[in-house]
Amino acid sequence: MEIYLDANATTPVLAEARTAALAAMAEDYGNPSSVHGTGLKARALMDAVRAQARRAIGAADGQVLFVSGATEGIQTAVLSAMTALRERSASGAGAAATVLYGATEHKAVPEAIRHWNHLLRLGQQVLEIPVDHRGRHDLDWLRAHAPGAGLVCTMAVNNETGVISDLPGIAQALRGSRAFWMVDGVQALGKLDLRLHELAVDYATFSGHKLYAPKGIGLLYVRQGAPVTPLLAGGGQEDALRSGTENMPGIAALGAVLSALASGQVFQPAHTLVHYRERLAQALRDAFPDIVFNAPTDVSVPTTLNFSVPGLSSRLLLDLFDAAEIRVSGGSACSAAKAQPSHVLEAMGLPAWQAAAAVRLSFGPATPAEVIEAACERIRACGESVRANCLGASPAGDGPVPRLTRFVADAACSYVVADPAGGRCVVVDPRPELNESLMQWIRCRGLELAAVLATHARSEVASAAAALRAALAPAWSATEALGWPVGVESIALGDQCLTRLPGLPRDAAAYVLRDERQRCWAFVGDMAPAATSDRGARAERDAAAAALQALHASVGGGGALLLPADDPDERFASTLADGFGPALAQPPAAADAGEAVDPVALSPSAVAALLETRSDLVLVDVREPYEQRLGQTLEIGGGARRWAIPLSGLVEALPDLLALPAQTPVLVFCRSGNRSARAAAALRRLGRLRAYSVSGGLALWPAAASAVQRPSQAALPTPAA
Ligand code: PLP
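Presented here is an overview of the structure given in this document.

Conventions used here
- Residues numbered from 1 in each chain as written.
- Predicted model: local features only at pLDDT ≥ 70, side-chain atom pairs only at ≥ 80, totals over all residues.
- Heavy atoms only, no water.
- Helix = DSSP H or I, 4+ residues; strand = E, 2+ residues; numbered from the N terminus.
- Buried < 20%, exposed > 50% of the residue type's maximum accessible area, 1.4 Å probe, protein only.
- Polar contact = N/O pair within 3.5 Å; in protein donor to acceptor, adjacent residues only side chain to side chain.
- Contact = heavy atoms within 4.5 Å.
- Pairing = 2+ DSSP bridges.
- Axes fitted to C-alpha atoms, helices over the stretch in contact; angles between N-to-C directions.

Take the side chain of Ser 243 next. Along the polypeptide, Ser 243 turns up in the loop between strand 8 (218-222) and helix 7 (248-263). What makes Ser 243 buried here is its relative accessible area of 5%. From its side chain, Ser 243 meets the backbone nitrogen of Gly 236 in a polar contact 2.9 Å long. Contact partners of Ser 243, with chain neighbours within four places excluded, come to Leu 232, Ala 233, Gly 234, Gly 235, Gly 236 and Gln 237.

This is the structure:
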C-alpha cells in the first residue's frame, strides 16, 4: 500500500469534500448567476463558503475571490499592484523603483513579477529579500529597502522547509512604506492561525488542493481599498473582479474542507502533528544516523521535514523511498524532474551538498496515526537496505558482491572488477568525483584492493588512482605508469582474469576481462569508437583498432564488449561493429539496415499485449539492489523469465542479454521508466532489436497490483539458452 508523504505538493480530496463536489455536480448544479431557484441555491452555497473562507483566513472585510488556485491569485495580485504603481507614476504621485520578494518564494511569485514587469513595461528593479540560515527574512534589509519599494511579496510558510515567516515582523518593517504587500498563504492554510486583517496585508493567495480540496479552486484575499485589475474580464462574476462561471464543485468541496477545519474533528491538533513529526524524525535518524535536518523545527510548521543524508543523493533517496512505496519529493515538486539544488536551501546558505541532496517529507493534518507508524517502519527498512547495500557511510554490507560494476558521474565511468569469493577487486579508471563512492563500496564489502588501473595518462584519473592507493593500500605496490603490477602477466580474480591488450602505444592501455564462460569485456578508455577524432588520438585509435581486431578474432561468439572511460551517449558498451575506422567497418546492425522495429518505450496497453502473447519474454528489472530489496515486484502471470540486473551491473549482464535468440523480447523496467529506457536504448544500439522499456515504469504497469515481496527474483541472469 502506498504511503503518501508529499502533502506540500498536493493532498488527496477529503471524503466530505468529494461528497460535496458530487452534489454540486449532480443535484445542486446551478449557475450562481442564474436568478431562478437552481441558481439561487448555488449562490447561497457560494456565499456560505465565502463566509467560511473569511473566518479561516481572518479576513473580516475586504474581498475574498474564488480563483483557480494560488498561481492565478498571485498573477492577479501582482498585476493589480503593478498596474496601480504604473498609474501612480503616470499621475506624478511618485514612482517606486523596486519590487521585493523573499529569496525562498515559490517560483510562481518571481516569475509573475518578471512577467508583468515586462508586459506592463514597468522597468521596476526586482530584488530578492535575503533570508537568514533559518530561512527567515532579513528584516533589517527589508526595513532599509521598504521606503523605495512598490510591491513586497513574502510567503507565510515555505513549501520546501515548512519555515514560518515572521509576518508581524515584516508588517513592522513595512510600516510607513507605500508598498503593496502580497502574502503567499498556500502552505499556511489550515496550519496557522491567519489573521490577515490585523496585518495590513494587501493580497493573500491560497490553493484548495494543498488542504484536501480538489485542484482548480483557490482564494484571493484583497484588503479593503487595495486596487484590483481583473486578470479575466467577461461575464462580471465575482463583482467583475474575476469573470467566468464559478467552479461550483470546487467551491463546494472547499466549503466541506473549511467546515472540517472549523469543526476541529477531522484535522489533528498541532500537538499531535508535532508528535508525528518527532516519530518520523526519529525513524529517519534510526535509518540514516548521519542525517541532517535542513530547517529549524521551532519556527516551522510540524507537517514538513526537509533533510539530507551525506553520501546519498536525493535521486537515490527518492528511488529508495519509492521502492518502499513511500512518496516523498526531492527539493520542491516543481523541480523534482530536474535534479537541481534547492534555491530555498541555497538562499539559507546551506552547504552545496545539502541543497543538492535534499528530500522533503510532508504530511497533511488529516493523516491518521497508523499511516505515520507504518511510514516509520518502512523508513527503518529503507535504512536497513542502505546499510546492506553499502550506501552512504554504512560500515559493512551483507548483500552479494557483483563481479563487474560500473560507477558513473555525469559521463565519467569507473569500473570495479571483483572476486566475491576471494575478497579482492581491481579498479579501472577511477575518477575524483567517483572516488568516495568507490572507496565506500570497496571498504564496506570488506574487499582487498589488488590494483588500480588506468587506460590513459590523464591527470584526473592519475590523481584519483593515487588517492585510492593511498587510502586502500593495494596489494601490488610496484606498478608501471598506468598501474599494471610490475612483472605480472595476468590478474586472476576468482573465475575472472584480467590481461593487458598487447600492441598499444606506451601511454595508453586497454585491459581484457574474461570469465569462466569465456565472456569477454575490454576496458578501452578513450579508444572506444567515436570517442575522439583529434590527430594524435587517431593514431592511437588505429593501433587500438588493430589490437582489438586481434582480440576479436581470438574471442568466440560476439567478441568483446568495449567499455569506455566516458559515456556521454549512454551506450554502456560498444562493439567493433560500432565503427573503428573504415578498415574495420562491419556490416551495419539490423537496426541501421532499416528493419522496422517497435518504439523502445511501450505504453501500458502494449506491455499488456506483450505479456499476453510472448511466453518467451524476458523481464529485466534494472533497479538497484537497494530498491529491489524493498521489493515492489509485479503480480504478473505467464511464463516470463525475470532477471534482476541493476543498471550499475548492466555491463556484466550484456553478453547474456545479447546472446538471447533474436526474436526473444526483452522488457526492461524500473521505477519511473527513465533508467529502463536508457538500458533498452543501449540494448537496441548493440543489436538487440526486441528490447523495450515500460513507459512510466512500475507506477504505470498495467497489472499495477504490486505486491510487497522480499527478494524473489533471480539475483543474476541465468546463462542464456
Ligand atoms: N505557492 C506555494 C508556496 C506553493 O507551495 C505552491 C504550490 O506548490 C504555489 C504557490 C502554486 O500553487 P498552485 O500550483 O496550486 O497554483
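The next point concerns the pairing of strand 21 (residues 520-525). In terms of burial, strand 21 is largely enclosed, as six of its six residues are buried. Burial of strand 21 is two-sided: the residues Cys 520, Ala 522 and Val 524 facing one way and the residues Trp 521, Phe 523 and Gly 525 facing the other way are all buried. Relative to strand 21, strand 20 (residues 511-514) is paired through four bridges, and the arrangement is antiparallel. Residue Leu 513 lies in a different strand from strand 21, and its bridge partner there is Trp 521. Between strand 20 and strand 21, which pair antiparallel in sequence order, lie five residues; one of them, Gln 518, sits at a positive phi of approximately 65 degrees. Relative to strand 22 (residues 561-564), strand 21 is paired through four bridges, and the arrangement is parallel. Paired with Ala 522 across the bridge in strand 22 is Leu 562.

Our focus in this paragraph is the sheet that holds strand 28 (residues 691-694). Strand order in the open sheet formed by five strands is 23-28-27-24-26, with parallel pairing between adjacent strands. Only two strands of the sheet have a single partner each, and these edge strands are strand 23 (601-602) and strand 26 (641-644). Inspection of the sheet shows strand 23 paired to strand 28 by two bridges, in the parallel sense. Bridged to Leu 602 within strand 28 is Val 694.

The next subject is the side chain of Asp 322. Mapped onto the secondary structure, Asp 322 falls in helix 9 (residues 314-323). For Asp 322, the side chain forms a polar contact with the side chain of Arg 671, separated by 2.8 Å.

So, about the sheet that holds strand 18 (residues 490-493). Across the sheet, which stays open at both edges, the five strands sit in the order 18-19-20-21-22 with mixed pairing between neighbours. What marks the edges here is a single partner per strand, and that holds for strand 18 and strand 22. The mean inter-strand angle of the sheet, taken between neighbouring strand axes irrespective of direction, is 20 degrees. Sheet topology places strand 19 (residues 496-500) next to strand 20; four bridges connect them, and they run antiparallel. When the sheet's bridge partners are listed, Leu 498 is paired in strand 20 with Leu 513. Against the sheet, helix 18 (residues 650-658) touches strand 21 and strand 22, its axis set at about 150 degrees to strand 22.

With six of eight residues buried, helix 6 (residues 167-174) lies mostly within the body of the structure. Looking at helix 6, one finds that the buried residues are Leu 167, Gly 169, Ile 170, Ala 171, Ala 173 and Leu 174. Gly 176, located one to two residues past helix 6, shows a positive phi value of around 90 degrees.

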